[in-house]
Amino acid sequence: MLYEPFITQEQKAVIEANKDLLVIAGPGTGKTYTLLLKIKTLLENGLPPEKILILTFSLKTCQELRERLSRLGIKEAKVDTFHGLAYDLYRDFYQKEPRLIDEKEKTSLLKKLFSGERNLLKNSDQKIQYFDYLEKNGLIDFDLLLNKAISLINPENLREYYLFLDEFQDLSPEILDFLKSFKEATWILFGDPNQSIYGFRGVNLAKIQNFLQTHKPHLQILTLTESFRCKEEILKRANQFKASPWKIPPFRSKHSGGIIQGFIFPNTYEEKDFLVNLVQNILGGTQLERARHTTFAPSDIFILSRIKRVSEPLIEAFQKEGIPVALPEEEAQKLKDEINQIVERIKVFKEPLPEIINDVSPFLKNIFQNWRGLLERDQEKFLFYLKGLSSEDLIFPKLEGVNFLTIHASKGLEAEVVILYGGEEGLIPFTLFRDYDLDEEKRILYVALTRAKGSFYFTATQKRKIFHYELTQGLSGWLKTLPYKEFPKRPPKPKQIDLF
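This structure is a prediction, so every number in the text was calculated from the model and none was measured.

### Some points on the overall build of the protein
- Summing up its helical and strand segments, the protein has 20 helices and 17 strands in all.
- Here the C-alpha radius of gyration of the protein, 25 Å, is about what a compact globule of 500 residues would show, namely 23 Å.
- By principal-axis analysis of the C-alpha atoms, the protein measures approximately 90 × 55 × 45 Å.
- Sorting the 500 residues of the protein into buried and exposed places 51% on the buried side.
- A separation of at least 24 residues holds for 78% of the contacts in the protein among residues at least 6 apart in sequence.
- Accessible surface computed for the protein: about 24,800 Å², of which carbon and sulfur atoms make up 49%.
- Once the 71 positive and 69 negative side-chain charges of the protein are each reduced to a mean point, those two points are 3 Å apart.

### Side note on the UniProt feature "binding site: ATP" (unreviewed entry) in the protein
- As annotated by UniProt and renumbered to match this structure, "binding site: ATP" (unreviewed entry) occupies Ala-25, Gly-26, Pro-27, Gly-28, Thr-29, Gly-30, Lys-31 and Thr-32.
- Of note, Pro-27 is situated in the loop between strand E1 (21-25) and helix H2 (31-44).
- Each residue touching Pro-27, except ones within four places of it in the same chain, is listed here: Asp-192, Gln-195, Ser-227, Arg-229, Cys-230, Leu-235, Phe-251, Tyr-446 and Thr-450.
- With respect to the secondary-structure elements, Thr-29 resides in the loop between E1 and H2.

### Here we look at the environment of His-255
- By the element assignment, His-255 lies in the loop between strand E8 (252-253) and strand E9 (259-265).
- Sequence-wise, His-255 and Tyr-457 are 202 residues apart; in three dimensions their C-alpha atoms are separated by 19 Å.
- Ignoring anything within four residues of it in the chain, the contact list for His-255 reads Phe-228, Arg-229, Lys-231 and Glu-232.

### Some words on the domain arrangement of the protein
- Splitting the protein by domain gives domain 1 (9-91 + 153-224), domain 2 (101-139), domain 3 (252-324 + 400-486) and domain 4 (329-394).
- Using only C-alpha atoms to locate each centre, domain 2 and domain 4 end up separated by 26 Å.

### Comments concerning the pairing of strand E14 (residues 452-461)
- For E14, the buried fraction is high: 9 of the 10 residues fall into the buried class.
- By the bridge criterion, 7 bridges tie E9 to E14 in an arrangement that is parallel. The partner of Ile-264 across the bridge, within E14, is Ala-460.
- Of the pairings in the sheet, the one linking strand E13 (residues 415-421) to E14 comprises 6 bridges and is parallel in character. Of the residues in E14, the one forming a bridge with Tyr-421 is Thr-459.

### A look at the sheet that holds strand E12 (residues 402-406)
- Read from one edge of the open sheet, 7 strands run E11-E12-E10-E13-E14-E9-E17, paired in parallel fashion. Edge strands, defined here as strands with exactly one partner in the open sheet, are strand E11 (325-326) and strand E17 (484-486).
- Relative to E12, E11 runs parallel, the two sharing 2 bridges. Across the sheet, residue Val-325 finds its bridge partner in E12, namely Val-402.
- Against the sheet, helix H20 (residues 438-449) contacts E9, strand E10 (301-305), E13 and E14, and its axis sits at roughly 125 degrees relative to E14.

### Observations regarding the layout of surface pockets
- Taken as a whole, the second largest pocket encloses approximately 350 Å³ of empty space.
- Among the elements of the structure, helix H14 (328-349) and helix H18 (379-388) are those that each provide at least two residues to the lining of the second largest pocket.
- Residue contributions to the lining of the second largest pocket peak at 4 residues, all from H18.
- Looking at the lining of the second largest pocket residue by residue, the classes come out as 9 nonpolar, no polar and 8 charged.

### Overview of the confidence of the model for the protein
- On average, residues of the protein score 92 in pLDDT, and 95% of them reach the 70 mark or higher.
- pLDDT under 50 marks residues 286-293. Its contacts with residues more than four places away, or in other chains, come to 10 contacts.

### Observations concerning the sheet that holds strand E5 (residues 186-191)
- Strand order in the open sheet made by the 6 strands is E3-E2-E4-E5-E1-E6, with parallel pairing throughout. Both edges of this open sheet fall to strand E3 (78-81) and strand E6 (220-224), since each of them pairs with a single strand only. Each strand of the sheet is rotated relative to its neighbour by a mean of 20 degrees, with strand direction disregarded.
- The pairing of strand E4 (residues 162-166) with E5 spans 5 bridges and is classified as parallel. Among the inter-strand pairings, Phe-164 is bridged to a residue of E5, identified as Ile-188.
- Helix H3 (residues 59-71) contacts strand E2 (52-56), E3 and E4 of the sheet and is inclined by roughly 165 degrees relative to E3.

Rules and cut-offs
- Residues numbered from 1 in each chain as written.
- Predicted model: local features only at pLDDT ≥ 70, side-chain atom pairs only at ≥ 80, totals over all residues.
- Heavy atoms only, no water.
- Helix = DSSP H or I, 4+ residues; strand = E, 2+ residues; numbered from the N terminus.
- Rg over C-alpha atoms; globule rule 2.2 N^0.38 Å.
- Buried < 20%, exposed > 50% of the residue type's maximum accessible area, 1.4 Å probe, protein only.
- Contact = heavy atoms within 4.5 Å.
- Areas by Shrake-Rupley, 256 points an atom, 1.4 Å probe, with all protein chains shown as cover.
- Lys, Arg positive; Asp, Glu negative; His and termini not counted.
- Charge placed at Lys NZ, Arg CZ, Asp CG, Glu CD.
- UniProt positions renumbered as here; feature names shortened; annotations may be inferred.
- Domains from an automatic or database assignment.
- Pairing = 2+ DSSP bridges.
- Axes fitted to C-alpha atoms, helices over the stretch in contact; angles between N-to-C directions.
- 1 Å grid on protein atoms, 1.4 Å probe; cavity = no way out; pocket = protein on both sides within 12 Å on 5 of 7 lines; lining within 4 Å.
- Points joined across faces, edges and corners; volume = space filled by probe spheres on them.
- Nonpolar A, V, L, I, M, F, W, Y, C, P; charged D, E, K, R; others polar.
- pLDDT = per-residue confidence, 0-100.

This is the structure we're talking about:
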């Protein structure tokens, strides 16, 4: 093919490979761009577009890929979510819509079946019992939908197909079982195992690696290590928090420089005061401050925390000082609640979907406008997608404020400046509860660092109260490997003399 300008040798190797492929792509290394060029090359070499299948986890990613493929003139390749494909297989075979329960109904049903038990569906006996109940009652959930679709696929029919998967590091056990039926296709998997942070959903990197070694033993492994996004200092420091069963060369940057700096305070009051001043400084307050910092918009700044509760006092402090604040996770939950109401109106009151869409909030209407093509093509499947949306699928950083996010919610996003708030031992790594995985906690810190394009700051205090815990060990041992400055306690203000 006639290669695009600025393509790297690593990207060229991926594009020219002609076998099963695992592409380990570091942050900002042009993963999606390379995936699209790989598809374009296959088509130019004569592969029929109907032989290309691209699967993603979320509708948002699915739509983004469709739009980018369309701009390249590629419209016939099938792009869908894993569950969306399973839905098509089920509906085509049974000639009816599945009686799908949503996550709220699933939670209620599990409480009814396994009252008082914890970690539901973690063992196979519970899962069999749960699936049996669904089958007997003519119901189906998203996992059972995947399970039932397996028998509807003839692997021999897929010999000439190319299967593209985005974010292979997030493959759950249920999706791995589903993928066994595609073993005869050529697999092209993209992702970054160091961004695997969904252990609470059953995702396990060692099991993914074992699955690939078993079902695709001749899989070629290539890497994209040259980042167009993160500056050199960010990547150099992030390398130490990798935790992957695959050996991955160090990531490099196209951009030198970068700032990493921590600040340690005796208490949360001084920490809040400092961060208010730091952010005002970054946003460009006075001429002196502008001389020290490049001026950014509020949306160029992410403030991340390991858990949401940590950031609440800082949000209040920012609002008090008039710093614009955006809370994408809270907004996403509101959108999810609104979507649940739409689904309920259709299911209970049989209201037409197009009429309901005219009556939604402006932001949700804008989202639906972006999905208009899907709505017009297949209204029933559009409704299926709505049922499957989680609040995480609806997280969109806001343009009008400093974005406060948990590290998990920031995955896949980026900002010029990232501030990690709450870097104490106990929060980084998060060990307040018994069920934790230190390798995954390392990867969570890696995700936080690599959201930053140019500057990464972090703070901690000698004492912080969270839930009913008092954290008194100070800065996380992991963060002590990064540059930081410790502030002594400020002297108390002199008391004003009472003249009367």
